[in-house]
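# Results of the structural survey
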Amino acid sequence: MRFLRSIVWIFLVSLTLSGCDDTFLDPFENDQRYFTVYGFLDPLQIRQSVRIIPVTRFPEDIRGPAEGQAFIDARVYTRDLTDSTSTLWTHELKKLGDGSYIHLYHADFLVKPGHTYRLDVIRNDEKRSTATTTVPKPASDKFVLASGPVVRGDSTVIQEISLPGISALWDLNAVYLVQGPDYIDRTFVPYKTPSGPGLDGLWKYQLNITADQDSIIARAQRFMSNGAIDTLPVTLTSLGVQFRIIDSAWHPLLIEEDVVKLSQPGVASNVINGYGIFGSMGLHREEWEISAQVAKVLGYPISVDVDAGF
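The following paragraphs examine the structure supplied in this document.

About the cut-offs
- As a convention, each chain's residues are numbered from 1 in the sequence order in which they are written.
- At least 70 in pLDDT is required for a residue's local features to be given in this predicted model, at least 80 for side-chain atom pairs to be given and counted, and no such filter applies to totals for whole chains, interfaces and linings, which use all residues.
- To obtain the side-chain values, all non-hydrogen atoms of the structure were used and water was disregarded.
- The pairing criterion for strands is at least two bridges between them, as found by DSSP.
- Helix numbering and strand numbering both begin at the N terminus, where a helix is a DSSP run of H or I of at least 4 residues and a strand a DSSP run of E of at least 2.
- To get an axis, fit a line to the C-alpha atoms, keeping to the stretch in contact for a helix; angles then go from 0 to 180 degrees between the N-to-C directions.
- Think of it in three bands: residues with accessible area under 20% of the maximum for their type are buried, residues over 50% are exposed, and the middle band is partly exposed, with areas taken using a 1.4 Å probe on protein chains only.
- Note on aromatic contacts: the rings of Phe and Tyr and the six-membered ring of Trp form a pair at centre separations within 6.5 Å, being stacked when their planes are under 30 degrees apart, edge-to-face when over 60 apart, and tilted otherwise.
- The criterion is that NZ of a Lys, or CZ of an Arg, lies within 6 Å of the ring centre and within 35 degrees of the ring normal, and then a charge sits over that ring.

Before going further, it helps to spend a moment on the sheet that holds strand β2 (residues 47-54). Across the sheet, which stays open at both edges, the eight strands sit in the order β5-β6-β2-β1-β17-β15-β12-β13 with mixed pairing between neighbours. The strands lining the two open edges of the sheet, one partner per strand, are β5 (90-95) and β13 (183-190). Averaged over all adjacent pairs, the angle separating strand axes in this sheet is 25 degrees, with direction ignored. One ladder, built from eight bridges, connects strand β12 (residues 169-180) with β13; its direction is antiparallel. In the sheet register, valine 178 faces β13, and the bridge partner there is aspartate 185.

Have a look at this one:
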């Protein structure tokens, strides 16, 4: 009977292991890899976030806060290697839209351009995975090559811009500054990022300034002290662009399938003793003046009494 129970136990274990995908990682055969990491430092956010997945025999699949996988043996720190400050991150078991849960860690601090940060994910036995990233610096002044605004025959105002010398960029927005007697505001209008630079190495965009006015007016009507009105007593004084510069070593991943791929052996990673990516973004914003003629074509008053202290 004892022999029979042993045979049954071995059979069940064999079935369990054979049911797993070959890419699942075994904690006893993982080449000293302890955690999969995915996250990036964002200069537009105070709260930074990173996802941590322990490297185990089975893939992460947390369906409730009482499950075994809902508990994680990990302390997460970042150290700013430029000024030697250290930050402890806080754990959150975050519920996703599909009802599953993931391990997120958060920390509140300002990301400093040009600084190098090291992320440490440490188990209680002091085994750790680490990753380092240097935040890209902003591009120099007058980095964007902009041709003058062009008014088409149908009164549509466009402007061509080019961005040279960037390996990758993300989240480009046109930026519009409007001012009035009791109102100053910047409106950000998102633009789709092209697949890559042209043969000349330039990332090229065509800003549709006329179409973007809907976003400017809608925002101004929400925040004007006298409420929504048909004619805004404001003028458009400048436009520009803002975008985040991505370190050439990585690209942001936006879907769950991409994050899962990072946990597989052989995938490009900057994590020591682990898998995944820990990166950072730099921020660039550049603005230039709108001529009175263009503002007039767009329907704005040519001049307005603006607070001189701005």
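Here we take up the pairing of strand β11 (residues 157-164). In terms of burial, β11 is a largely internal element, six of the eight residues being buried. In this structure, strand β9 (residues 145-146) lies alongside β11, joined through two bridges in antiparallel fashion. Bridge pairing in β11 links alanine 146 to isoleucine 161. For strand β10 (residues 150-151) and β11, the ladder comprises two bridges, and the chain directions are antiparallel. Residue valine 150 lies in a different strand from β11, and its bridge partner there is isoleucine 158.

What follows is about the packing of aromatic side chains. Counted under the stated rule, the structure contains three aromatic pairs. Ring centres of phenylalanine 40 and tryptophan 170 lie 6.1 Å apart, and the angle between their planes is 85 degrees; this geometry places the pair in the edge-to-face category. With phenylalanine 40 in strand β1 (residues 35-41) and tryptophan 170 in strand β12, this residue pair connects regions lying 130 residues apart in the sequence. Grouped by ring-pair contacts, the aromatic residues Trp89, Phe109 and Tyr117 constitute a single cluster. Cation over ring: arginine 33 sits above tyrosine 275, and NZ or CZ is 4.9 Å from the ring centre.

Spatial ordering of the open sheet is given by β4-β3-β7-β8-β16, a layout of five strands whose pairing is antiparallel. The sheet is open, and its two borders are formed by β4 (86-88) and β16 (271-272), each paired with just one other strand. Here strand β3 (residues 75-80) runs beside β4; their pairing, made up of three bridges, is antiparallel. If you follow arginine 79 over to β4, its bridge partner there is serine 86.

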